[in-house]
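Residue-level structural notes
Next come the chains, spelled out residue by residue.
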Amino acid sequence: MTASEGLTMQSKTPATFVLVHGAWSGGWCYARVAHLLRSRGHTVFTPTLSGQGERAHLLSGAINLTTHIADVLGVFHYERLSDVVLAGHSYGGMVITGVADRAPDKIKALAYLDAFVPQDGQSLFDINIPANTQRFVQAAGTVGGLAVPAPPAAYFGVNAADAATVDALATPFPLGCFTEKLKLSGAYCSVKQHLYVHGTVLPRESPFRPFYERAVAAGWSTHALSCGHHVMLDQPEKTAELLESLVSA
Amino acid sequence: MTASEGLTMQSKTPATFVLVHGAWSGGWCYARVAHLLRSRGHTVFTPTLSGQGERAHLLSGAINLTTHIADVLGVFHYERLSDVVLAGHSYGGMVITGVADRAPDKIKALAYLDAFVPQDGQSLFDINIPANTQRFVQAAGTVGGLAVPAPPAAYFGVNAADAATVDALATPFPLGCFTEKLKLSGAYCSVKQHLYVHGTVLPRESPFRPFYERAVAAGWSTHALSCGHHVMLDQPEKTAELLESLVSA
Amino acid sequence: MTASEGLTMQSKTPATFVLVHGAWSGGWCYARVAHLLRSRGHTVFTPTLSGQGERAHLLSGAINLTTHIADVLGVFHYERLSDVVLAGHSYGGMVITGVADRAPDKIKALAYLDAFVPQDGQSLFDINIPANTQRFVQAAGTVGGLAVPAPPAAYFGVNAADAATVDALATPFPLGCFTEKLKLSGAYCSVKQHLYVHGTVLPRESPFRPFYERAVAAGWSTHALSCGHHVMLDQPEKTAELLESLVSA
C-alpha cells in the first residue's frame, strides 16, 4: 500500500476475504490485515474457530477438524458468500483445504499462510514433523489429554513487539483437530488460484518449508518472507498486499 | 469354588466387589463373574464407563481418564461403599489405580486382571507397546480423531464361543482416556493387598507381561492363566475364585 | 417373602429385574430391594440415569427424557436381557413407558412404583400438578435454568431414618426430562402385566393418586402402602415382594 493510495482509497475490485487462523489463536490475529483490506473497500471475515480465542469457553474434547471446517462453511452459508479469497494460517491450511473440497464453487483463490497443505487421508499429525507430534500428545496428556497447551510465542518466532500479546491470547487447542484425517473428494482441485506465503525465520526446523517448496514446484504464487511463522503479525502490510494480489489476478 | 459349595452357598465373609472393565467393553463383560460372586453372597458392582457399552450414546471426545475415575468414585460415594475389592481389566488398571489414589481408605485390595499398572505421570499410551499406540491414533484419525474403533475379538485372543458377542458389543473408545497422564499423589500405596492375573495366550506380544513380571517381583499374589486377555470371559470361575481369595486373605 | 424362606433361598423362578429410579435420585435408592431380590436368585439391574447419582458429573442441559430411555434400552441391549420385569419410580414411570414402547417384546411386566403413567404426547410437566411444575421451573431458573434442584426428603415423606441419606445423595435433575413430551407408538400396550404401588402418606396433594386410581379402574395389580413416596426405601421388603409377585403371576 503506497502513501498516495491512502486508507480511504477503494480497491478497483472490491472482493471478499475469509481469513482462517491457526492453532492456539483466534480471529484476533488478523486484526491488522483485516483493517488494511477493509480500508481498501474489501469485505473481510475473520471467524474464530470453536474452542479458540473468544470461543475458548466452548472448548471441549469433542471438537475436531470437521467442527472447524463446519465453522467456516457456516460463515459462507449465513453470510451468503461467493467468489471468496480463502486464507489459512498454519493449521488453518487443513481447514481451508477441507472447506474448498466442500464448497469449491464459492472460492476464487486459496491462500496458504505458512500453512499445512494436506492431501486426502492426512491428519495434521501425519504431515507435521514427528517430534512435534509427539511433543503435543505428551503436553496434552498432562492437562487432561484432550487439548494441547500453547507453545510460547518464541516457538513461532513471533516479533518482539507482539510476543507478549500472542502469549496472553493463546488458548489450548483441541487434540481431535490434529488427529482427524481429512477426507477429500478432490473437488477442491477445481480451485485454480493458489498463494503460498512462507515465513523463513523460525528458531527450529520449519514443518512448512516442504509445503512451500512443493508450492514453488507446482507453480503457485509463492513468497518467502524474512519473518517468523505469524506472517500476519510480523508483516501485516505485505500479507495484505499479497492477499489482495489474488483479486486482480 | 468347589462343586460341593455350589452356587447358592454363602461366603463366610460377604464382601463388596467393584469390577471395572477395559477399553471397548462394558459392565456386561463381568456378567458371569458377578453372578458367581453374588451367588456366594457378595455385593458386586459392574459400572459401565462413560461412552462405553450401555453408555455408548454418551460417547464424546470430552471423555478422558479423569471422567472414568469419576465414574467409579461416584459408585463408591452414592452406594456408600467401603472395604472394597476393586478390580480392573486391561485399561481398567489405569482407572482403579486412579480411584485407589483418591479413595485409598475405602479399598481393601486391588486386583489387576491382565491390566496396565501405571505410575505417576503415565498415560496408557506411555506404557503400551509403541506400535499399538501408533495404530490406535491412526485408527481414530479415520473416524473423526476422537475415538478409537474396537479391534476384533481375535486381537485379544477371546475364546471362540464368546468372540462373536464381544465383537457385537464392542464400542469405540474415547482417545482422551489413552492420552491423559494419570496424576498420582502416592496415597494409593497404602493399599496393601494386590492381585495380578495374567492371560498368557495372546496372538501377539503382550503389553501386560511386563506388568505381570513386575507384580511377581513385588511379591503380589500373581496368577498366569492359560487363556486370552479377557480372563473374566475365558475363565470366569477361576477369575471369581481368585477375586474371592482376596476377601479371606 | 416370609421369614421361613430366608435370604439365601432361591426363587423357584429366577427372573430379571430392571429397576429405574426417579428424579433427584440414583440406582442407590434400590440397594435394599436389589439385595433382597438377588438373595432369592434373581438378576437385578439398577441403572443410574445420566446426570444423576454416580453419573452426576455428566449432568448437562443436553440430557432429556430421550437420553434416559436410551440409558435403559442400553442395559437391555448390552446385557442381552429379555423377559424383564421393568420397574419405574416416580419420574421413572415416564422412562419405563418409553422403554416399553421401544422394546415391548423384551418385557414381561411393567411395575409403576408411585410413578407417573404418561400417554402419547405427554411430558411429566403435562401430568404433574400445575403448582409443582411452576415451582420446578422457578427453582431451575435460579441456578442456570437447565436443572431443577432437589426438594428436601421431607417433601416426599421419606421415613425419618433415611431422610438424611436421601438429602445427602440427591442431585439436581435435568429440566429437559420434565419438558420433553413422550412419543408413544402404542407398541407398549402389548405388555399385559401391570403393577401399581402407591405410597399414600405424603405431606401434600399426591400427583400419583390419579394414576393409582386409574390403575385400579384398569384392573392392574394395585397396592396402596401406608408410607411415603419412596416405597423402596420406606417398605423394601414389601416392595420386593410385590415385584417378585409379577414373576410367578
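Residues numbered from 1 in each chain as written. Chains lettered and ligands numbered in written order. Predicted model: local features only at pLDDT ≥ 70, side-chain atom pairs only at ≥ 80, totals over all residues. Heavy atoms only, no water.

Take the pairing of strand E4 (residues 107-113) of chain A next. All names here are of chain A. Of all seven residues that make up E4, six are buried, and the element is covered over most of its length. In this sheet, E4 lies alongside strand E3 (residues 84-89) in parallel orientation, the contact comprising six bridges. Residue pairing in the sheet places Ala87 in a bridge with Ala111 of E4. (Buried < 20%, exposed > 50% of the residue type's maximum accessible area, 1.4 Å probe, protein only. Helix = DSSP H or I, 4+ residues; strand = E, 2+ residues; numbered from the N terminus. Pairing = 2+ DSSP bridges.)

Attention now goes to the sheet that holds strand E3 (residues 84-89) of chain B. Residues and elements named next belong to chain B. Strand order in the open sheet formed by six strands is E2-E1-E3-E4-E7-E8, and the pairing between neighbours is parallel. Edge positions in the sheet fall to strand E2 (43-45) and strand E8 (221-225), since each of these pairs with one other strand and no more. Direction aside, the axes of adjacent strands within the sheet are offset by 15° on average. Pairing geometry for strand E1 (residues 16-20) and E2, over three bridges, is parallel. Bridge pairing links Val18 to Phe45 in E2. Where helix H10 (residues 236-248) meets the sheet, its contacts fall on E1, E3, strand E4 (107-113), strand E7 (193-199) and E8, and the angle it forms with E4 comes to roughly 155°. (Axes fitted to C-alpha atoms, helices over the stretch in contact; angles between N-to-C directions. Contact = heavy atoms within 4.5 Å.)

For the match of chain B to chain C, the screw axis carries a shift of 0.0 Å, the RMSD comes to 0.0 Å, and the turn is 180°. Taken together, the turn and the small shift mark the pair as related by a two-fold rotation axis. (Least-squares fit on C-alpha atoms with pLDDT ≥ 70 in both.)

Taking a probe equal in size to a water molecule and rolling it over the atoms shows the remaining empty space. For the second largest pocket, the calculated volume is near 560 Å³. Lining of the second largest pocket is provided by 19 residues; of these, A:Thr133, A:Gln134, B:Thr133, B:Gln134 and B:Val137 occupy positions nearest its centre. Where the lining of the second largest pocket is concerned, the elements lending two or more residues are helix H4 (124-127) and helix H5 (130-141) of chain A together with helix H4 (124-127) and helix H5 (130-141) of chain B. Of the residues belonging to the lining of the second largest pocket, the class tally is six nonpolar, 10 polar and three charged. (1 Å grid on protein atoms, 1.4 Å probe; cavity = no way out; pocket = protein on both sides within 12 Å on 5 of 7 lines; lining within 4 Å. Points joined across faces, edges and corners; volume = space filled by probe spheres on them. Nonpolar A, V, L, I, M, F, W, Y, C, P; charged D, E, K, R; others polar.)

Any two side chains of opposite charge can pair if their charged atoms end up close together. If you walk through the whole model with that rule in mind, you get 19 salt bridges over all chains. In this structure, A:Asp101 and A:Arg102 form a salt bridge, with 3.7 Å as the shortest nitrogen-oxygen distance. Residue classification places A:Asp101 among the buried positions, given a relative accessible area of 7%. For A:Arg102, a relative accessible area of 41% gives the class partly exposed. Here C:Glu244 ties to C:Arg40 by a salt bridge, and the two come within 2.7 Å at their closest N and O atoms. (Salt bridge = Lys/Arg side-chain N within 4 Å of Asp/Glu carboxyl O.)

So, about the packing of aromatic side chains. Each aromatic ring pair is described using two quantities: the centre-to-centre distance and the angle formed by the ring planes. Residues and elements named next belong to chain A. Applying the stated rule across the entire model yields 45 aromatic pairs over all chains. Ring geometry for Trp24 versus Phe136: centroids 5.2 Å apart, planes at 65°, classification edge-to-face. Remark: Phe136 occurs in helix H5 and Trp24 occurs in the loop between strand E1 (16-20) and helix H1 (31-39); sequence separation between them is 112 residues. Here the two residues Trp24 and Phe136 agree in accessibility, since each one is buried. Feature note: the residues Trp24, Tyr91, Phe125, Phe136, Tyr155, Phe156, Phe173 and Phe178 constitute an aromatic cluster, connected by ring pairs. One Lys or Arg, Arg204, reaches over the ring of Tyr155 and ends 3.5 Å from the middle of that ring. (Phe/Tyr/Trp six-rings, centres within 6.5 Å; stacked < 30°, edge-to-face > 60°. Lys NZ or Arg CZ within 6 Å of the ring centre and 35° of its normal.)

Residues and elements named next belong to chain A. Strand order in the open sheet formed by six strands is E2-E1-E3-E4-E7-E8, and the pairing between neighbours is parallel. Lying at the two open borders of the sheet, with one neighbouring strand each, are strand E2 (43-45) and strand E8 (221-225). The sheet shows a mean angle of 15° between the axes of neighbouring strands, taken without regard to direction. Where E1 lies against E3, five bridges are found, and the strand directions are parallel.

Now for unusual backbone geometry. Backbone geometry places A:Asp114, a non-glycine residue, at a positive phi of 40°. For A:Asp114, a relative accessible area of 0% puts it in the buried group. Even without glycine at this site, C:Trp24 takes up a positive phi of about 60°.

A few words now on the interface of chain B and chain A. On the side of chain A, 18 residues touch chain B, which itself brings 18 residues to the contact. Summed over both partners, the interface of chain B with chain A buries about 1,400 Å², with 56% contributed by carbon and sulfur atoms. Looking only at chain B, the three residues that lose the most surface to chain A are B:Leu146, B:Thr179 and B:Lys181, adding up to 30% of its buried area. Where chain B meets chain A, there are 12 residue pairs in polar contact (both at pLDDT 80 or more). Every element with two or more residues in the side of chain B that touches chain A is listed here: H5 and helix H7 (176-179) of chain B. If one sorts the elements of the side of chain B that touches chain A by residue count, H5(B) sits on top with three residues. A class-by-class count of the residues in the side of chain B that touches chain A yields five nonpolar, nine polar and four charged. (Buried area = accessible area lost by both parts, 1.4 Å probe. Polar contact = N/O pair within 3.5 Å; in protein donor to acceptor, adjacent residues only side chain to side chain.)

Time to look at the relation of the copies chain B and chain A. Least-squares fitting of chain B to chain A yields an RMSD of 0.0 Å, with the transformation described by 0.1 Å of translation along the axis and a rotation of 179°. A symmetric contact is evident, with 100% of the interface residues of chain B recurring at the interface of chain A.

The subject of this paragraph is the nonpolar core. Within the largest apolar cluster, 161 residues are counted, with the highest numbers of intra-cluster contacts made by A:Leu86, A:Tyr91, B:Leu86 and B:Tyr91. The contacts of B:Tyr91, once residues within four sequence positions are left out, are B:Gly22, B:Ala23, B:Leu49, B:Leu65, B:His68, B:Phe116, B:Leu124, B:Phe173, B:Cys177 and B:Phe178. One finds C:Phe17, C:Ile96, C:Val158 and C:Ala240 within the second-largest nonpolar core, a separate group that totals 82 residues. (Core = buried A, V, L, I, M, F, W, Y, C linked by side-chain atoms within 4.5 Å.)

Another point: helix H8 (residues 209-217) of chain C. Residue and element names in this part refer to chain C. Residues Phe211, Tyr212 and Ala215 constitute the buried set of H8. Looking straight down H8, one finds its buried side chains confined to an arc of 100°; they lie on one side. Against the buried residues of H8 lie helix H4 (124-127), strand E7 (193-199) and strand E8 (221-225). Looking at the residues trailing H8, positive phi occurs at Gly219, about 80°. (Arc of directions from axis to C-beta.)

Right, let's talk about the packing of helix H1 (residues 31-39) of chain B against H10(B) for a bit. Residue and element names in this part refer to chain B. Running from amino to carboxyl end, H1 crosses H10 at an angle of 50°, the nearest separation of the two axes being 9 Å. The orientation of H1 relative to H10 falls into the category oblique. Judged by the twist between their axes, the crossing of H1 over H10 is right-handed. Every residue of H10 that contacts H1 at Arg32, Val33, Leu36 and Leu37 is listed here: Pro236, Glu237, Thr239, Ala240, Leu243 and Glu244. Taken together, the residues of the contact of H1 with H10 sort by class into six nonpolar, one polar and three charged. (Parallel < 35°, antiparallel > 145°, perpendicular 65-115°, else oblique. Left-handed = near helix turned anticlockwise from the far one by under 90°.)

Turning our attention to the interface of chain B and chain C. Chain B puts 28 residues into the contact, and the matching count from chain C is 28 residues. Across the chain B to chain C interface the summed buried area is about 2,400 Å²; carbon plus sulfur atoms make up 54%. On the chain B side of the contact with chain C, B:Glu54, B:Arg55 and B:Tyr78 bury the most area, a combined 29% of that side's loss. Taken together, chain B and chain C are joined by one salt bridge. In this structure, B:Asp71 engages C:Arg55 in a salt bridge whose closest nitrogen and oxygen atoms are separated by 3.9 Å. Our count for the contact surface shared by chain B and chain C stands at six residue pairs in polar contact (both at pLDDT 80 or more). Counting residues per element, the ones that place at least two in the side of chain B that touches chain C are H1, helix H2 (65-78) and helix H6 (160-169) of chain B. Here the side of chain B that touches chain C is composed, by residue class, of 10 nonpolar, 12 polar and six charged.

Below, the discussion takes up empty space enclosed by the protein. Residue and element names in this part refer to chain C. A full pass over the atoms with the stated rule returns seven cavities of 30 Å³ or more. When its volume is computed, the largest cavity comes out at roughly 230 Å³. In terms of lining, the largest cavity is formed by 26 residues, of which the most central are Ala23, Trp24, Ser90, Phe156 and His229. When the residues that make up the lining of the largest cavity are grouped by side-chain class, the tally is 17 nonpolar, eight polar and one charged. Taken as a whole, the second largest cavity encloses approximately 160 Å³ of empty space.

Don't take any of this as a statement about function, it's just geometry.
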